[in-house]
Every structure is written in structure tokens, then in C-alpha cells.
Amino acid sequence: MAREPMARRLIAAALYGGGAIGLVAVGLAGLLLTEAKIAEVRLDALKGEPPRADGLYGGAFASPGSTPLVLVVLGDSTAAGFGVDRGRDTPGALLAAGIASITERPVRLRVAAANGAASDDLEGQLDTVLRAEPTPDIALVMVGVNDIAKRIKPADSARMLGGTVRRLRAAGAQVVVGTCPDLGVVEPLQLPLRSLAQQAGRRLAAAQAAAVQQEGGHAVALAGLGPEFAHRPEMFASDRYHPSPLGYQTAAIALLPAMCTALGSWPQEK
């Protein structure tokens, strides 16, 4: 998320609509404002930027004349790994290491994801990535929560995401998208604010999955990890919103099969 408190941005989406959560009644609006203020107190603010993770993973698999697989990561603060202190604990690094181990090939990682990014930032991130890596092998995109906070309509978010997937596929990349996570597990958000955010996330995730599949990508429903995160503070960073190293490991475990399958390298059951 961006520096503006997450609860305040979600409440703005609830009050003013824009296709994300929708207009609420005046009485409920007052309750939601109160809940948002409480959540802002309960959520600790993280400062700084995500740790750098770009580089080569699985160097032990390198051989003379071999070419590393290229993994690029686009999206928001969770895609970038905000909330952890070490680059190796970010999703990109975890997945690069996992792909290298399974394919037995080195993987070169380039991360363009950034704090506060939404789907309307993906085009610029992709421009940056393709200048450095014109022919990536595999791409990971994780985006969505900031779309809700910025009151971007799910249809518009899905259209922009679909365009990004289309461009990546045209560049020769396989694409895996982790769709909008379950906001119902963010416990500092009290009911009914948490329920509204959760409903908005589900609508957006459904629109994202349809757009990704239409463009030949692979969608992974990160909201399905909700039970893994619910009531488990060790899965969250100190702000109780972004994942901790354990939380990112859990997400990477969910994403890795889809990424290796897209590359044709996931072990088949016999």
C-alpha cells in the first residue's frame, strides 16, 4: 500500500464507490468511519522500501554456455516483498530459488513492483522491464488491493491487467498472476469495514482471473490462502497487513506449482 493509511483509503472507497465497494447508507458510513479510525491506530506504519532482490539465483546450476531463465515481477508492495528485511525473503527471490531448484537452471530475477502500485501502474513497470529484459521467460504479477483503495472499477482493473498479460505473452513470457488476496484476514479492520473490503477483493479477484485466462495467463487465487493467514499474527509483518517472511513463503508455495507448470517443468505424478 501507499503511505496513506490503508484503513482510510478503504473507507474512502466504501463511502464514494467508484465501482469498488459501493455507496453505503449515512448511518453505516458513520460506523465505518469510526472503524477506520480504530484500524489506523491498530495498524503500525512500516517505513522505507522493499529490500532489493534482483540478481542470479541457482548459480550452482550454471554451466558453460548456459542461459539463465529470466523471471520478472510486476505489481504492488506485496509483489515487491515489502515488510521483510532481506531480499531473499521476498516473493521474487523465493520463487526464483524454487524455479532454479526444480528446473535445475539458474534464474535471473528482475523486480519492477513498487509500493502503492495499482493496475494503472503496470504498463509503466512493464516498459521498464522490457527495456532491460526484452524476452523474459516467466512473469509474476501481484496487484489489486490498491485498485480497491483508489476506487478503480474492477472491469477497468481487469482490462489493464489483461493488457499487461497480453504484452508479456507477445514478448514470449509465460505469465502467472496472483489475484487479489483475502482482505478479511486483516484483523485490525473491524466489521463491517473488513467485510466490505473482503467483498470488494473477491469481486476484483474474479474479474482478474477471467481477464488473465482470456489472455493466455495463469491465475492463482491468493484469496484461497485466507485460512492460512486468519488469526495467525506470525504470518504478518509488524504493520499487521503485509506478510512476514513466513507469510511470503506461504504465498510462494501456492504460486510455485503454477509457475513451474507454465514453464513445463512441474514434476508429473506417475
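As shown above, the structure is provided for reference.
Residues numbered from 1 in each chain as written. Predicted model: local features only at pLDDT ≥ 70, side-chain atom pairs only at ≥ 80, totals over all residues. Heavy atoms only, no water.

Q: How should I be thinking about the environment of L109 in this particular structure?
A: With respect to the helices, strands and loops of the structure, L109 is situated in strand β3 (residues 107-111). Classification of L109 by relative accessible area gives buried; the value is 2%. Placed 14 residues apart in sequence, L109 and L95 show a C-alpha to C-alpha distance of 9.3 Å. In this structure L109 touches A53, D54, G55, Y57, L71, V73, G92, A93 and A96, once residues within four positions along its chain are discounted. (Helix = DSSP H or I, 4+ residues; strand = E, 2+ residues; numbered from the N terminus. Buried < 20%, exposed > 50% of the residue type's maximum accessible area, 1.4 Å probe, protein only. Contact = heavy atoms within 4.5 Å.)

Q: In this structure, what is going on with the packing of aromatic side chains? I would like to understand it.
A: Working definition: an aromatic ring pair is given by the centre-to-centre distance plus the angle between the planes. All chains considered together, the criterion is met by 1 aromatic pair. Both rings, one in F229 and one in F236, keep their centres 5.6 Å apart while their planes meet at 70°; by these two values the pair is edge-to-face. F229 gets classed as buried once you look at its relative accessible area, which sits at 10%. (Phe/Tyr/Trp six-rings, centres within 6.5 Å; stacked < 30°, edge-to-face > 60°.)

Q: I would appreciate a short explanation of the pairing of strand β4 (residues 138-142) in the present structure.
A: Moving residue by residue along a regular strand, the side chains alternate between the two faces of the sheet. β4 sits mainly inside the fold: 5 of its 5 residues count as buried. Alternating positions in β4 separate into two faces, I138, L140 and M142 on one and A139 and V141 on the other, with burial throughout. Of the strand pairs in this sheet, strand β2 (residues 69-75) and β4 are connected by 5 bridges, and their pairing is parallel. Residue pairing in the sheet places G75 in a bridge with M142 of β4. In this sheet, strand β5 (residues 174-178) lies alongside β4 in parallel orientation, the contact comprising 5 bridges. Within the sheet, the bridge partner assigned to L140 lies in β5 and is V176. (Pairing = 2+ DSSP bridges.)

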